[in-house]
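Listed below are the residues making up each chain.
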Amino acid sequence: PSAGTLRPLSCELAPLSRSDGSALWKAGSTQVLAAVYGPMAPRKTSLEKGSAIMSIIYADHREHEALLEKVLEGCVCVDQYKRCVIELVLQTINDDGSVLSCAMHAAVAALMDAGICMRRLPVATSLVIGEDRLLLLDPDQEEERLLKTCLTLVSSNSNPDNLLGSVGGGQDLSLETVLACQDAASKAAPVVISFLRMAIEQKITRQSKTLLSSN
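Keep in mind it's a predicted model, so treat the numbers as computed, not measured.

Engineer: Any chance you could break down the packing of aromatic side chains for me, citing the residues and the numbers?
Structural biologist: The tally for this structure, following the rule as stated, stands at one aromatic pair. Here the aromatic rings of W25 and F195 are separated by 5.6 Å at their centres, their planes lie at 80 degrees, and the arrangement is edge-to-face. Placement of W25 in strand β3 (residues 21-27) and of F195 in helix α4 (residues 175-214) is noted, with a sequence separation of 170 residues between them. With relative accessibility at 17%, the residue F195 sits in the buried group.

Engineer: Talk me through unusual backbone geometry; I want residue IDs and the actual numbers.
Structural biologist: In this model, G38 is joined to P39 through a cis peptide bond whose omega is 10 degrees. In this model, R83 sits at a positive phi of 50 degrees, which is unusual for a non-glycine residue. If you trace the backbone, R83 turns up in the loop between α1 (65-75) and β6 (85-94). Even without being a glycine, D138 presents a positive backbone phi close to 45 degrees. Take D138: it is sitting in the loop between β8 (135-137) and α3 (141-147). Classification of D138 as buried rests on a relative accessible area of 8%.

Engineer: So what's going on with the pattern of salt bridges? Which residues, and what values?
Structural biologist: Applying the stated criterion across every chain yields a total of seven salt bridges. Two residues, D79 and R119, come together in a salt bridge whose shortest N-O distance is 3.6 Å. Note that D79 is positioned in the loop between α1 and β6 and R119 in the loop between α2 (99-113) and β7 (122-129), a separation of 40 residues in sequence. The partly exposed category is assigned to R119, whose relative accessible area is 43%. Between D113 and K203 there is a salt bridge, and its shortest N-O distance comes to 2.2 Å. Taken together, the residues D113 in helix α2 and K203 in helix α4 connect sequence positions 90 residues apart. In terms of burial, D113 and K203 fall into one category: buried. Overlapping salt bridges, with partners in common, bring together R7, D96 and D138 in one network.

Quick notes on the rules
Residues numbered from 1 in each chain as written. Predicted model: local features only at pLDDT ≥ 70, side-chain atom pairs only at ≥ 80, totals over all residues. Heavy atoms only, no water. Phe/Tyr/Trp six-rings, centres within 6.5 Å; stacked < 30°, edge-to-face > 60°. Helix = DSSP H or I, 4+ residues; strand = E, 2+ residues; numbered from the N terminus. Buried < 20%, exposed > 50% of the residue type's maximum accessible area, 1.4 Å probe, protein only. Salt bridge = Lys/Arg side-chain N within 4 Å of Asp/Glu carboxyl O.

So, in structure tokens, the structure goes:
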């Protein structure tokens, strides 16, 4: 069984003027700022390779950098950016739980704002597991602290049932519980995808109106 819904979402695109793309993603009281720099030439020639390299800097949560890099490099059309680096810098503005999910969505929104071509959009869903295996979506910090067993699953809009990655622990999870978590995550993913698309569409509409008014 599952309980709860996603907390209210908010996304501000291009809050930073000196990056190539940026986004401030909010889920409830959790807020993460993401900035994209590039595609640009690598600083070291030893880093040059055929496809682009994703460089993730998340000083607040170094433990999440590897997963973010793996998932995002698999979703970005890296073959279109030969011998380039795409640098993504993340900063937690406020952590009230489910911060990895918030960071993933901030990163995706910033990449979209920068016009980076993506083959699919990753979606991260955080859950905590309570008594009687009750699943609680998008937990806040207090719920994470009390229930302790927290799991974040990453899927994509192209195939919500196929996991791109996962993080979590706290107790031994049965196969039944993991499958229930995956089912809850796949049902929550379309909400995030729709919100991402709406944010981009609203930005394009504002830009179109600005161009029309200036002519």
